[in-house]
Structure formats: C-alpha cells, structure tokens
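# Reading the structure
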Amino acid sequence: QVRLVESGGGLVQPGGSLRLSCAASGSIFSMYVMGWYLQAPGKQRELVATITAGGSTDYADSVKGRFSISRHNAKNTVYLQMNSLKPEDTAVYYCNARGPNLDAWGQGTLVTVSS
C-alpha cells in the first residue's frame, strides 16, 4: 500500500504563488503516474495535472501556463508549482499515484486564494 502525504497549502493573495509537495512511500515510486487533482466546495474532484514515469506532463486547460508539475524520484516526491493564482483556484488539492494494481490518494491540502 502506498501512503501519500501532501503539504504546502495555505492562504495566498490573488496573483501569488504556492508550491505543493506530495511525499510517497514505496520503493517503486519512479514507476507511478503521479497526479494532482482539486475539489472545490460543492463540486466534483477534477484533474489538475499528471506526470508519467518518463516525465511527460498533461494539464487541465484552466491551469496551463500557470501551474507546473514535476517529480523527484530520488526523494519519492511530486510537486505542483502554482503561479498567478486566482480565487477560482481555491480548493482542496489531492495527490494521486497510479500503477499496477494501484490507485492511491492523499488526504488533501487546502489552498485558499483570497485578498
């Protein structure tokens, strides 16, 4: 079983930046497809960004050019750099790991964008 622990959320003003981190247990982290998802109040969870084992990335249209996903396999960690934040980015952000027989989620970290 893989355990995922997110960190880095908080309160930020519009136009500001945050970097989220997700630390994963497990010895085969480098094989996982890692992703970040968000869930805004009263809405369904939706994809923000993914990164494959080979480093290929994909982003939701709403965050392209503002957010960047990366991974450090030696540290078993995936990051989400969020720039030019908007109030509509306010949500709980979840880390996800997918692999053979694996679909694991973290507990989430709250990001609030407000002046």
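Notes on the structure in this doc start here. (Residues numbered from 1 in each chain as written. Predicted model: local features only at pLDDT ≥ 70, side-chain atom pairs only at ≥ 80, totals over all residues. Heavy atoms only, no water.)

### What to know about the nonpolar core
This is how it is decided: Here, nonpolar core refers to any group of buried Ala, Val, Leu, Ile, Met, Phe, Trp, Tyr and Cys residues whose side-chain atoms link them within 4.5 Å. Relative accessibility under 20% of the residue-type maximum defines a buried residue, over 50% an exposed one, and the middle range a partly exposed one, all with a 1.4 Å probe and only protein chains included. Helix numbering and strand numbering both begin at the N terminus, where a helix is a DSSP run of H or I of at least 4 residues and a strand a DSSP run of E of at least 2. Contacts are residue-level and defined by heavy atoms, with any inter-residue pair within 4.5 Å sufficient.
Within the largest apolar cluster, 33 residues are counted, with the highest numbers of intra-cluster contacts made by Met 34, Trp 36, Leu 80 and Tyr 93. Mapped by element, the contributors of at least two residues to this core are strand S3 (18-24), strand S4 (33-39), strand S5 (46-51), strand S7 (67-72), strand S8 (77-82), strand S9 (91-99), strand S10 (102-105) and strand S11 (109-113). Residues in contact with Met 34, not counting those within four places in the same chain, are Leu 4, Cys 22, Phe 29, Ala 49, Thr 50, Ile 51, Ile 69, Arg 71, Val 78, Cys 95, Asn 96 and Ala 97.

### Here we look at the sheet that holds S3
Formally: In this analysis, strands are considered paired if DSSP registers two or more bridges between them. Angles shown run from 0 to 180 degrees and are taken between the N-to-C directions of axes, each axis being a line fitted to C-alpha atoms and, for helices, limited to the stretch in contact.
The four strands lie next to each other as S1-S3-S8-S7, forming an open sheet whose pairing is antiparallel. Looking along the sheet, the strands with just one partner apiece sit at the ends: strand S1 (4-7) and S7. Within this sheet the neighbouring strands show an average axis-to-axis angle of 15°, counted without direction. Relative to S3, S1 runs antiparallel, the two sharing four bridges. Its bridge partner lying in S3, Leu 4 is registered against Ala 24.

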